[in-house]
Amino acid sequence: MRLKLWMASAVAASLVVVACGDDSGNLGGGSSGGGSSSGDPAPGSDPAGTSSSSSGGSSSSGASGSSGGSSGVAQLCVDTINQYRAKLGRPAYKRWEAAESCSNDQAKSDATTKKAHGAFGKCGEFAQNECPGWSGPAETMITGCLKSMWGEGPGGGHYENMAATKYTQVACGFYVLPNGSVWSVQNFK
């Protein structure tokens, strides 16, 4: 699996890392670069492993997708990130509920334009990870995407955002395309 990374410019005089986990075929609207959704861990599973497989669906700007996810999938996202943080003895991120609607809008915008991080900064976040065009449902794909990001380890961008000590909150946003693929952003502040 190839992970594409984007580095953002300085915001408020500090370097901001914007990273995105992706199969090679997802952004261009093509088919998955391989992988199987059966390789994604079940929701709520222990995120201890570092091996992962992502499944990418094809991206489509479909006329009608669905924004957001249930409160449960946003909480699953935050809880999963915090399980990884606990491995380093880091304090848990607080769930940034006030930014979830905006984060859902960012995921929708990026899915529509097929441009990861295209809406970055619109929610007041300082850093962002993104899972573009992963096979759904959201409850399954988010644990697999976060596992892949953490598995990169230091130097990949995703890991740094998840493990950072300079942020205290995270908002998770989701958008499901008509074909079932899911775009998710994780905004850090």
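About the criteria used
- Residues numbered from 1 in each chain as written.
- Predicted model: local features only at pLDDT ≥ 70, side-chain atom pairs only at ≥ 80, totals over all residues.
- Heavy atoms only, no water.
- Phe/Tyr/Trp six-rings, centres within 6.5 Å; stacked < 30°, edge-to-face > 60°.
- Helix = DSSP H or I, 4+ residues; strand = E, 2+ residues; numbered from the N terminus.
- Buried < 20%, exposed > 50% of the residue type's maximum accessible area, 1.4 Å probe, protein only.
- Pairing = 2+ DSSP bridges.
- Salt bridge = Lys/Arg side-chain N within 4 Å of Asp/Glu carboxyl O.

## Some details on the packing of aromatic side chains
No. 1: Across all of its chains, the model carries four aromatic pairs by this definition.
No. 2: Pairing Tyr84 with Trp150 gives two aromatic rings, centres 5.1 Å apart and planes at 25 degrees, and the pair type is stacked. Placement of Tyr84 in helix α1 (residues 71–87) and of Trp150 in helix α3 (residues 138–151) is noted, with a sequence separation of 66 residues between them.
No. 3: Among the aromatic residues, those joined into a cluster by ring pairs are Tyr84, Trp150 and Tyr159.

## Remarks on the pairing of strand β5 (residues 127–135)
No. 1: With respect to burial, β5 is a largely interior element, eight of its nine residues being buried.
No. 2: Bridge count for β5 against strand β7 (residues 181–188) is seven bridges, and the pairing is antiparallel. Within β7, the residue paired with Asn129 across the bridge is Gln186.

## Comments concerning the pairing of β7
Looking along a regular strand, one sees side chains alternate from face to face of the sheet.
No. 1: Within β7, eight of the eight residues are buried, which leaves it mostly tucked inside the rest of the structure.
No. 2: By the alternation rule, side chains of β7 split into Ser181, Trp183, Val185 and Asn187 and Val182, Ser184, Gln186 and Phe188, which are all buried.
No. 3: Sheet analysis places strand β6 (residues 169–176) next to β7, joined by seven bridges and oriented antiparallel. Following the sheet pairing, Val176 is matched in β7 by Val182.
No. 4: The loop that links β6 with its antiparallel partner β7 comprises four residues; one of these, Gly180, has a positive phi angle of about 95 degrees.

## Let's talk about the pattern of salt bridges
No. 1: Under the counting rule described, the total for this entry stands at one salt bridge.
No. 2: Here Arg95 makes a salt bridge to Glu100, at a shortest N to O gap of 2.5 Å. By the burial criterion, Arg95 is buried, and Glu100 matches it.

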